[in-house]
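Spelled out from the first residue to the last, the chains are:
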Amino acid sequence: MRRAALFLLLLPSLFLSAQTATLSGIIRDDENRPLPDASIAVPGGAAATSGANGGYALTVPAGKGVAVRFAYPGAETVERKLDLAPGEHRTLDVVIRSSVIGPVTVVNDRLRDAGIDKLNARTSHFQPSLGDVNSLLQGSLGVMTRNELSSGYNVRGGNFDENLVYVNGIEVYRPFLVRSGQQEGLSFPNPDMIERIHFSAGGWEPRFGDKLSSVLDITYRRPREFDATVMASLLGGSVTVGSAMHHQRLRQITGFRYRTLSTILKGLDTQGEYIPTYTDLQSYWTYDLSDKVELGFLGLYSRNRYDVIPRDRETELGNFNQALRYTVYFEGQERTAYETFSGALSLNVRPTKELTLKFTGSAFNTYETERMDILGEYRLGELERNLASEQFGQVVRDLGVGAYLDHARNSLEATVISASHTGTLRWGRGSNLQWGMEARSERINDRLSEWYMVDSAGYSIPQHSNGLLELNTSVKSKIDLESVRSSAYVQNAWEWNAGPRRKWALVAGVRGQNWSYNGQTVVSPRARLIFHPGWRKVVAPGDTVQRDYSFWFATGLYYQPPFYRELRNFQGVLNPEVRAQKSIHYIIGMDRQFQIWQRPFKFTTELYYKALSDLNPYVLDNVRIRYFANNNARGYATGIDMKLNGEFIKGVESWASLSVMKTMEDIAGDYYYHYYNKYGERTDGIDTKDRTPVDSVRVEAGYIPRPTDQRVSFALFFQDEMPRWPTFKVHMNLVFGTSLPYGPPNANRYADTLRTSLYRRVDIGFSKQLLGAPGQEKTGVLSHVKDLWLSLEIFNLINLNNTVDYTWVQDVQGRYYGIPEFLTPRRINLKLIARF
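This structure is a prediction, so every number in the text was calculated from the model and none was measured.

1. Considering the overall build of the protein
- The helix and strand inventory of the protein stands at six helices and 48 strands.
- In terms of C-alpha radius of gyration, the protein reaches 31 Å, essentially the compact-globule figure of 28 Å for 836 residues.
- Based on the C-alpha atoms only, the size of the protein along its principal axes is roughly 125 × 65 × 55 Å.
- Summarising the internal contacts of the protein: among those between residues at least 6 apart in sequence, 67% fall at separations of at least 24.
- As displayed, the protein offers around 38800 Å² of accessible surface, 56% of which is attributable to carbon and sulfur atoms.
- When the 96 positive and 89 negative side-chain charges of the protein are each reduced to one mean point, those points stand 8 Å apart.

Right, here's the structure in full:
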């Protein structure tokens, strides 16, 4: 009787289980990130929510058609119609796209990603660096970085000024007066506020602006719930808070950052009192006025101050055959300050599902000052090389003794006000039309007053026979520049199928810009063609593996109209005849997505050639770019870039990239002479006794390396964890770069035939997750902490000297010596990160 009763009790549940099936999988957003707390439901039936990793499981009716809906706040609802057999367990992964009014995807994810590097901003928390987003670019295609103190980067032979940076569609500017990396401070993007980062090293669409080298497009987050991130370290700290209010119609994210590099800068060769303080406050708000209208605001205030009172400097250089020591004793100080305000107000309207309109007004203002009076009294001595001598390693002969005085009273105020409109229209089958227009008012007020005096062994340099005392360099100018820059673009994206699993996509359009100052109008056509072959490989009967390849070709005419710096020559005078620099891009690329050890990997490579014309030559002084303000050069850049990224350790991304590149330029009129004596010998020869010239031969310099001609660069970021202690992780960052060209301090670019030393740097970090590990219980106040990490970072682990610039010193015989300016040595940082 008991067995019969038990059977009767279990019979209904057995019947129900025979009539149901199980559906499970992972829900992700359109950036391939897991979505927690997404809702999964059968209308009028069962419902569930996704877990922290986006995973879900739902019991659904079997044996009949059923609709399952996947929903997430601020995202489009996805519906899947299924027909499952009784007792079936099916895996279904779903991608939910954001429905927040904003940029619209023009083609499907796989095609859109072709040639675009997508970066994860959260990686910057664990990457051993100073915490800027730009450190993530070290592994991107074609990117070269050689200064850990600077947020600047070079792409495929270009300089810092040739990179476009956008935050929420607003163009970001670098400081104007900056001379060295330690003066820059914090870069604009706040890593804790970022939702997605897209980077292109060439061949980008017309909707992005007019530069020669690259575009970095950053979008800030729209929080769907309360979250906060707090970071504290020996180098500063940050606090970021995001929240959603009024039934998620009002969203905001605000971040505050503070940084001081005193502990880092104390390791430089120049000893003294360093007081660098960098702060910024940013806030991004969005409000849904209705289901079709969104109002947004982005505001920024930043203040960077760099004060230094140098005391002394000692640098050893040369080799065993000639070991030198350069010693300087300083008086005076340097004070640099940058204060920036920026604001943008946007209105996003979606009248229909196919049409999106955006109207934006923005303003940018920066006030930069540079005050400097530094007296340096130097001594250049030769060291004893005899190991048996009691004076080994000591100065035994003076090669040069002198002094220099560096003076500056510079100030610059720049104001940029712009109004723009962009729109997107989905039409036809797989086609998207995009357009935009912008009017921008620019005002620059620059006051330059700087000079540099050199005294060598009691004699001022340069010396003149007329007996006049002249400064080595002197620039005094007062410049007020007002102009209007207008631009517009239109582009369309097409997508079509060419057979089973084979897809094509084409993005083509044109962009134009006019600048009132020089009256030049430029027109820039651009196109990108992508092919996804949909190849598959049969490894065994009934076992087919997808081979996920994409190929693309991109070309276009890219102009870079001059901004203020490109107009100003070495004497501080503006040249209104400077025209836009021009580059024609030819890019062939491919990528492959595959799996190793059941984990995702991606390999990307691009082969490129850039034909450069109307170039404005420049010299690079640390991070200060000084232009010739003349379009008198042509050149090229060519090379190949490769990148492999993936999860070498499950759930933890790493990458490695390799670039081989060559960039050259030919400056018109850069010739020089070889002089010969009556014996036919060069008068500048080392062994020549008769130095009286009787004949000369003109030599055309021809193509010479550009200042950024780094032939090989390699970057590696690797993360690992302990097998038995997964909460303990190791993060290693390695950067290698070959030498760059440089030369003596003059305006003759053809003389820059010397090469710097190699750039080699290894940073390592050790992280321990204190809270938030799977299965870890949290009580009391700690229950509000999602995770808590403690990191120990060692910068420049091998303690190698990397050169960023050279100071030129003349000895009593008129010979110049280049004294290297080294970057930071080994330093340690301790960091605590908490997320709520």
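2. Digging into the sheet that holds strand E6 (residues 78–83)
- Taken in spatial order, the four strands of this open sheet run E3-E2-E5-E6, and their pairing is antiparallel. Of all strands in the sheet, those with a lone pairing partner are strand E3 (47–49) and E6, marking the two edges. This sheet shows a mean twist of 20 degrees between the axes of neighbouring strands, independent of strand direction.
- For strand E5 (residues 65–71) and E6, the ladder comprises six bridges, and the chain directions are antiparallel. Counterpart to Gly-65 in the pairing with E6 is Asp-83.

3. Structural notes on a nonpolar patch on the surface
- On the surface, a nonpolar cluster with roughly 740 Å² of combined accessible area is contributed by Met-245, Trp-285, Tyr-287, Leu-289, Leu-295, Phe-297, Leu-345, Leu-347 and Phe-359.
- Here Leu-289 shows up in the loop between strand E19 (270–288) and strand E20 (293–318).
- Note on Leu-289: relative accessible area 44%, which makes it partly exposed.

4. Topic: the environment of Asp-446
- Within the secondary structure layout, Asp-446 lies in strand E24 (residues 431–456).
- Classification of Asp-446 as buried rests on a relative accessible area of 0%.
- Residues Asp-446 and Glu-195, spaced 251 residues apart in sequence, show a C-alpha to C-alpha distance of 37 Å.
- Asp-446 has contacts with Ser-411, Leu-412, Ser-477, Lys-478, Ile-479, Tyr-564 and Arg-568, leaving out every residue within four places of it along the chain.

5. Re the confidence of the model for the protein
- Confidence in the prediction for the protein averages 86 pLDDT; 90% of positions are at 70 or higher.
- Within the model, the stretch residues 100–108 combines pLDDT values under 50 with 36 contacts to residues more than four positions away or in other chains.

6. Details of the pattern of salt bridges
- Under the criterion given, the structure shown has 46 salt bridges.
- Glu-184 is paired through a salt bridge with Arg-174; the nearest N and O atoms lie 3.0 Å apart. Taken together, the positions of Glu-184 in helix H4 (residues 181–184) and Arg-174 in the loop between strand E13 (170–171) and H4 put the pair 10 residues apart, joining distant regions of the chain.
- Where Arg-251 meets Glu-294, a salt bridge forms, and the shortest distance between an N and an O atom there is 3.2 Å. Of this pair, Arg-251 sits in strand E18 (residues 250–259) while Glu-294 sits in strand E20, placing them 43 residues apart in sequence.
- In this structure Glu-294 comes out as buried when scored by relative accessible area, which is 1%.
- Shared partners join several salt bridges into a network, and the residues in it are Arg-179, Glu-370, Glu-450 and Arg-624.

About the cut-offs
Residues numbered from 1 in each chain as written. Predicted model: local features only at pLDDT ≥ 70, side-chain atom pairs only at ≥ 80, totals over all residues. Heavy atoms only, no water. Helix = DSSP H or I, 4+ residues; strand = E, 2+ residues; numbered from the N terminus. Rg over C-alpha atoms; globule rule 2.2 N^0.38 Å. Contact = heavy atoms within 4.5 Å. Areas by Shrake-Rupley, 256 points an atom, 1.4 Å probe, with all protein chains shown as cover. Lys, Arg positive; Asp, Glu negative; His and termini not counted. Charge placed at Lys NZ, Arg CZ, Asp CG, Glu CD. Pairing = 2+ DSSP bridges. Axes fitted to C-alpha atoms, helices over the stretch in contact; angles between N-to-C directions. Patch = residues over 30% accessible without salt bridge, like charges linked within 9 Å, V, L, I, M, F, W, Y side chains within 5 Å. Salt bridge = Lys/Arg side-chain N within 4 Å of Asp/Glu carboxyl O. Buried < 20%, exposed > 50% of the residue type's maximum accessible area, 1.4 Å probe, protein only. pLDDT = per-residue confidence, 0-100.

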